[in-house]
Amino acid sequence: MGGFENFLFSFFNLKVMATYLPLIAQGLGLTIVLALLIVVSGLALGLGLAMLRACGIRPLNWLIIFTVDLFRALPPLVIIVLLFFGLPAMGLGMSSFAATWLSLTLVLMAFAEEIYWAGITAVPKGQWEAARSTGLGFFQTLRLVVLPQALRITIPPLTNRTIAITKGTALGSVVGVAEILGASQSAMSFSANPSPLTLGAIAYLVLFIPVVALGRWVETRFAWKR
Amino acid sequence: MTSPAPSPSRGAPAPGLGRPIVDARGLWKRYGPLAVLKGVDLSVAERELVFIIGPSGSGKSTLLRCLNRLEEPDDGSIHVDGIELLSPRTDINAARRRIGMVFQSFNLYPHMTARQNVMLALRKVLRQDRAQAEAVAARALERVGLAERMDHFPAQLSGGQQQRVAIARAIALEPRVMLFDEPTSALDPELVGGVLNVMRELRQDGMTMVVVSHEMAFARAAADRVVFMADGEKLEEGPPAQIFGEPRHERTRAFIRQIDRH
Amino acid sequence: MEEFAFAFLNGDILREAWPILWQGFLYTLALAAITVPLGLVGGVVLALLSTSGPRAIRLAAAGWTDLFRAIPPLVLLVFLYAGLPFAGIDVGAWGAVAIGFFLNTGAYYGEVLRAGIESVPRGQMEAARSTGLSRGQALRYVILPQAVRNVLPDLVSNTLEVVKLTSIASVVALPELLFQARQAQNATYNATPIVAAAVAYFLLLWPLVRLISRLENKALAGR
């Protein structure tokens with residue numbers, strides 16, 4: 001067998017690929033579900049924290065800042081391992097899926113809060129004063145006047161950060177989530193052939209190349225004027 | 001210098017001045033279907049100050065930027081100080097240090113002090129050691145009246161001072177010719193004088209200069225020759241008295257009327 | 001509460017696990033000291049290719065960047081470590097980490113630096129070239145210093161991500177901090193080593209997180 005044939009047999013083995021395609025397609029589905037859950041819960045929690053921080057209650061803000069710093073500093077894989085292997089010792093076992101979801105949600109929450117907060121502080125103080133002078137309450141001002149302006153400038157950094165963290169779903173394979181990477185790895189060991197891994201890589205490209213391209217587009221479309 | 005032929009003259013230098021130091025012939029520059037330069041000739045004698053005027057879009061800045069090949073002409077030839085600039089064998093970096101350029105927007109390096117701005121090419125192109133480069137830079141900055149401001153960053157200098165640093169950066173390399181691309185257009189009116197003074201002194205010291213500018217009073221007073229360009233062509237040229245006093249071409253007349261109104 | 005302390009903050013177990021955790025911590029530092037420069041080199045090359053040079057090369061560099069930004073780094077690592085040997089190419093755990101980080105973090109650094117280079121006005125290159133500096137000299141002395149300064153918060157932030165990412169080397173059994181913590185946990189049936197590892201990561205990286213916040217606020221104020 002020539003080198004090239006050997007290469008094809010190893011990495012583009014159509015027979016192996018066909019056998020394990022359904023398994024990896026399931027993995028793709030699981031990755032998409034996990035990613036969507038993380039995006040929704042992470043962005044929502046981040047926005048909630050940023051709005052709480054806008055209230056300006058000192059001790060609460062310190063707590064928020066510490067939480068945000070904590071989940072920005074810890075590697076996501078460490079959080080996943082801690083939740084999955086650590087919590088059962090307390091009788092608080094959770095599934096590998098839940099541990100991955102919760103971990104990446106906390107990470108996205110932290111980064112999103114930081115970005116939302118930067119956006120809120122970038123809105124000139126005069127906007128607050130003008131809105132309050134017309135009789136709007138604090139939360140009305142925040143929701144109707146400040147956030148719409150703040151969110152626009154947060155779109156590019158938020159998009160890129162969200163994409164990066166969503167790719168972390170692959171880390172779930174370490175604790176046994178059968179998402180794309182987990183499914184391809186089991187398929188690889190069943191078949192003693194790395195073609196399923198090629199298939200997995202292709203699945204990620206199919207999923208994320210459009211998203212990365214979207215991120216690029218968003219960056220130019222909503223670019224901050226320098 | 002009262003050549004009767006109004007159209008494409010060979011750009012003869014004014015009499016009494018030295019041999020041509022810049023000799024550009026038949027320069028063409030196109031951007032897609034649009035020709036910005038249509039076979040322009042320009043020759044500049046040693047120690048001569050040539051002023052190029054014309055409406056915006058006339059190609060005068062493009063012509064100037066061709067003279068150190070920041071723009072690549074599509075056709076023609078350019079000799080500067082005997083070197084064929086467009087030849088592929090020419091070391092363009094070596095040639096460029098003989099051609100100083102001053103830009104409308106100064107283009108000082110914002111991360112370096114005034115002195116470091118001047119020193120960079122001295123160190124990296126002329127390969128001077130630190131002490132020598134420091135001394136040369138100090139002299140150049142003194143010459144433009146900024147000895148006191150050597151260790152300031154561009155952001156700490158006024159526009160006029162920045163432009164004088166930019167001039168120092170160019171003259172420190174002892175160029176044979178200096179190109180000025182609208183050097184005062186980005187300046188507040190009260191800062192223009194300082195820059196023009198430096199240019200006047202350079203002229204007195206015998207520097208060869210090609211200036212694209214709207215400073216007509218300065219042109220009248222200091223230029224040896226004024227070139228009027230429109231639509232990528234050189235329409236006429238001559239001593240300032242002639243171009244401003246009795247322009248031959250209708251477009252020149254219209255342009256000067258308009259400028260004088262301001 | 002006692003149960004919690006026993007499971008997560010167990011002094012005896014911490015004392016027992018301390019030597020291998022410390023080794024793991026040093027290993028993590030060494031990994032960071034190797035992967036950050038590797039990624040930076042890849043990033044500078046990509047950024048230069050995607051901002052200068054012929055159009056075909058610029059497009060190729062952009063495509064390369066997107067490709068390696070789309071593949072999760074762990075997938076890349078597993079592919080290099082567990083996939084390549086099937087083709088008779090065994091780069092080992094170290095090789096897999098080095099190549100994987102070069103490709104992945106290089107793409108991210110490249111994207112940041114490209115934005116930095118594009119933020120430097122064109123006149124800077126022209127001014128530098130007009131004094132006789134070569135293209136390379138102009139990039140090195142004039143363009144890159146400004147580019148780096150303009151995107152400093154993003155560069156530091158990316159570096160934080162790279163250091164955090166070294167934890168995935170545990171998957172290919174390199175004895176860094178997370179790997180050692182897991183080993184200790186398996187040996188003791190107690191989560192304390194993992195908590196200790198998390199605390200160590202936090203203490204190591206918290207200053208960097210604070211620095212990034214400061215830099216970002218400064219950049220925001222300068223707008």
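These numbers were taken from a predicted model, which means no experiment stands behind them.

Engineer: Sorry, what's going on with the interface of chain C and chain A here?
Structural biologist: Accessible area lost when the parts come together is the quantity often used to give the size of an interface. Of the residues lining the interface, 39 residues belong to chain C; the matching set on chain A comes to 40 residues. Among the secondary structure elements, those contributing two or more residues to the side of chain C that touches chain A are α1 (2-8), α3 (55-70), α4 (73-83), α9 (177-188) and α10 (192-221) of chain C. A per-class count over the side of chain C that touches chain A returns 27 nonpolar, five polar and seven charged.

Engineer: Explain the UniProt feature "transmembrane region" (unreviewed entry) in chain C to me, please; I cannot follow it from the model alone.
Structural biologist: Residue and element names in this part refer to chain C. UniProt records the feature "transmembrane region" (unreviewed entry) at residues 20-49, 70-103 and 187-209, using the numbering of this structure. Secondary structure content for residues 20-49 is 100% helix and 0% strand, while the C-alpha to C-alpha distance between its ends is 43 Å. Helix and strand shares over residues 70-103 are 71% and 0% respectively, and the end C-alpha atoms of the span are 11 Å apart.

Engineer: Help me out: how do you make sense of the pairing of strand β2 (residues 34-45) of chain B in this one?
Structural biologist: Within a regular beta strand, the side chains point alternately toward one face of the sheet and then the other, so they alternate between its two faces. All names here are of chain B. Pairing between strand β1 (residues 20-31) and β2: nine bridges, direction antiparallel. Paired with Arg-30 across the strands is Ala-35, a residue of β2. What sits between β1 and β2 in their antiparallel hairpin is a turn of two residues, with Gly-32 showing a positive phi close to 60°.

Engineer: Even after reading the chapter, I still don't get the arrangement of the chains, so can you show me in this structure?
Structural biologist: If you rank the two pairs of chains in contact by how many contacts each has, first place goes to chains A and C. A gap remains between chain A and chain B, with no contact made and the closest C-alpha atoms lying 16 Å from each other.

Engineer: In this structure, what is going on with the interface of chain B and chain C? I would like to understand it.
Structural biologist: Opposite the 20 residues of chain B that make contact, chain C presents 16 residues. Elements with a contribution of two residues or more to the side of chain B that touches chain C: α2 (92-96), α3 (114-124) and α5 (159-171) of chain B. Among the residues forming the side of chain B that touches chain C, the class breakdown is 11 nonpolar, five polar and four charged.

Engineer: How should the confidence of the model for chain C be read in this particular structure?
Structural biologist: The predicted coordinates of low-pLDDT regions are not to be read in fine detail. Averaged over all residues, the pLDDT of chain C equals 89, while 95% of them reach at least 70. Helix α6 (residues 122-130) of chain C holds the highest mean pLDDT among the elements of chain C, 94, whereas α1(C) holds the lowest, 68.

Engineer: Looking at this structure, I do not really get the pairing of strand β4 (residues 75-80) of chain B. What am I missing?
Structural biologist: Residues and elements named next belong to chain B. The pairing of β1 with β4 spans five bridges and is classified as antiparallel. The residue bridging Trp-28 from the neighbouring strand is Asp-75, located in β4. Pairing analysis gives two bridges linking β4 to strand β5 (residues 83-84), with the strands arranged antiparallel. Residue pairing for β5: His-79 is matched across the bridge by Glu-84.

Engineer: It is not clear to me how the UniProt feature "domain: ABC transmembrane type-1" (unreviewed entry) in chain C should be interpreted in this structure. Could you clarify?
Structural biologist: Using the residue numbers shown here, the UniProt feature "domain: ABC transmembrane type-1" (unreviewed entry) corresponds to residues 25-213 of chain C. What you have in residues 25-213 of chain C is 81% helix and 0% strand, and the ends, taken at the C-alpha atoms, are 25 Å apart.

Thresholds, definitions, all that
Residues numbered from 1 in each chain as written. Chains lettered and ligands numbered in written order. Predicted model: local features only at pLDDT ≥ 70, side-chain atom pairs only at ≥ 80, totals over all residues. Contact = placed C-beta atoms within 7 Å. Helix = DSSP H or I, 4+ residues; strand = E, 2+ residues; numbered from the N terminus. Nonpolar A, V, L, I, M, F, W, Y, C, P; charged D, E, K, R; others polar. UniProt positions renumbered as here; feature names shortened; annotations may be inferred. Pairing = 2+ DSSP bridges. pLDDT = per-residue confidence, 0-100.

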